[in-house]
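Listed below, chain by chain, are the residues.
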Amino acid sequence: MYRGRILESGPVTDVLKTPSHVYTQALLNSIPTAHTKRGELRGLGGVMPEVQ
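Quick notes on the rules
Residues numbered from 1 in each chain as written. Predicted model: local features only at pLDDT ≥ 70, side-chain atom pairs only at ≥ 80, totals over all residues. Heavy atoms only, no water. Helix = DSSP H or I, 4+ residues; strand = E, 2+ residues; numbered from the N terminus. Buried < 20%, exposed > 50% of the residue type's maximum accessible area, 1.4 Å probe, protein only. Areas by Shrake-Rupley, 256 points an atom, 1.4 Å probe, with all protein chains shown as cover. Lys, Arg positive; Asp, Glu negative; His and termini not counted. Charge placed at Lys NZ, Arg CZ, Asp CG, Glu CD. Contact = heavy atoms within 4.5 Å. Polar contact = N/O pair within 3.5 Å; in protein donor to acceptor, adjacent residues only side chain to side chain. Salt bridge = Lys/Arg side-chain N within 4 Å of Asp/Glu carboxyl O.

S.K.: Could you give me a rundown of the overall build of the protein, with the residues and numbers involved?
M.R.: Across its full length, the protein holds 2 helices and 0 strands. Dimensions of the protein along its principal axes, counting C-alpha atoms only, are 35 × 30 × 10 Å. A burial count over the protein gives 8% of its 52 residues as buried. Summed over its atoms, the accessible surface of the protein is roughly 5,000 Å², and 55% of this surface lies on carbon and sulfur atoms. Computed over 6 positive and 4 negative side-chain charges, the separation of the two mean positions in the protein equals 6 Å.

This is how it looks when you write it as structure tokens:
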């Protein structure tokens with residue numbers, strides 16, 4: 001969900017294994033792992049949209 005809109009839906013395993021939307025992919029890539037070193041977290045690029 002992004003800005004109140006559902007971007008992707010489906011069985012959890014499908015969405016997590018093969019995300020089709022670029023925002024879902026970015027969110028999953030931002031999750032730290034046991035091997036992530038301090039300061040290596042990947043954020044999502046861009047600018048937050050203004051709330052209307």
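Continuing now.
S.K.: How would you sum up the environment of Gly-43? Please name residues and give values.
M.R.: As for its placement among the helices and strands, Gly-43 is situated in the segment after helix H2 (22–29). Looking at Gly-43, the relative accessible area reads 64%, which means it is exposed. Between the C-alpha atoms of Gly-43 and Met-1, which are 42 residues apart in sequence, the distance is 17 Å.

S.K.: Explain the environment of Ser-20 residue by residue, including any values.
M.R.: Along the polypeptide, Ser-20 turns up in the loop between helix H1 (12–17) and H2. Owing to a relative accessible area of 63%, Ser-20 belongs among the exposed residues under this scheme. Put simply, Ser-20 and Ser-9 are 11 residues apart on the chain and 9.7 Å apart in space, counted from C-alpha to C-alpha. Setting aside residues no more than four positions away along its own chain, Ser-20 makes contact with Glu-8 and Gln-25.

S.K.: I'd like a rundown of the environment of Thr-36, residues and numbers included.
M.R.: Along the chain, Thr-36 falls in the segment after H2. One polar contact links the side chain of Thr-36 to the main-chain amide nitrogen of Thr-33, over a distance of 2.8 Å.

S.K.: Requested: an account of the side chain of Thr-24, with residues and values cited.
M.R.: Inspection of the secondary structure puts Thr-24 in helix H2. Residue classification places Thr-24 among the buried positions, given a relative accessible area of 14%.

S.K.: Can you break down the side chain of Glu-8 residue by residue, with the values?
M.R.: Position of Glu-8 among the secondary structure elements: in the segment before H1. Of the side chains with opposite charge, Arg-5 comes closest to the buried, unpaired Glu-8, at an N-O distance of 12 Å. A polar contact of 2.7 Å, which involves the side chain of Glu-8, links it to the backbone nitrogen of Ser-20. Only 3.1 Å separates the side chain of Glu-8 from the backbone nitrogen of His-21, close enough to count as a polar contact. Those residues in contact with Glu-8, other than ones at most four positions away along the chain, are Val-15, Thr-18, Pro-19, Ser-20, His-21 and Thr-24.

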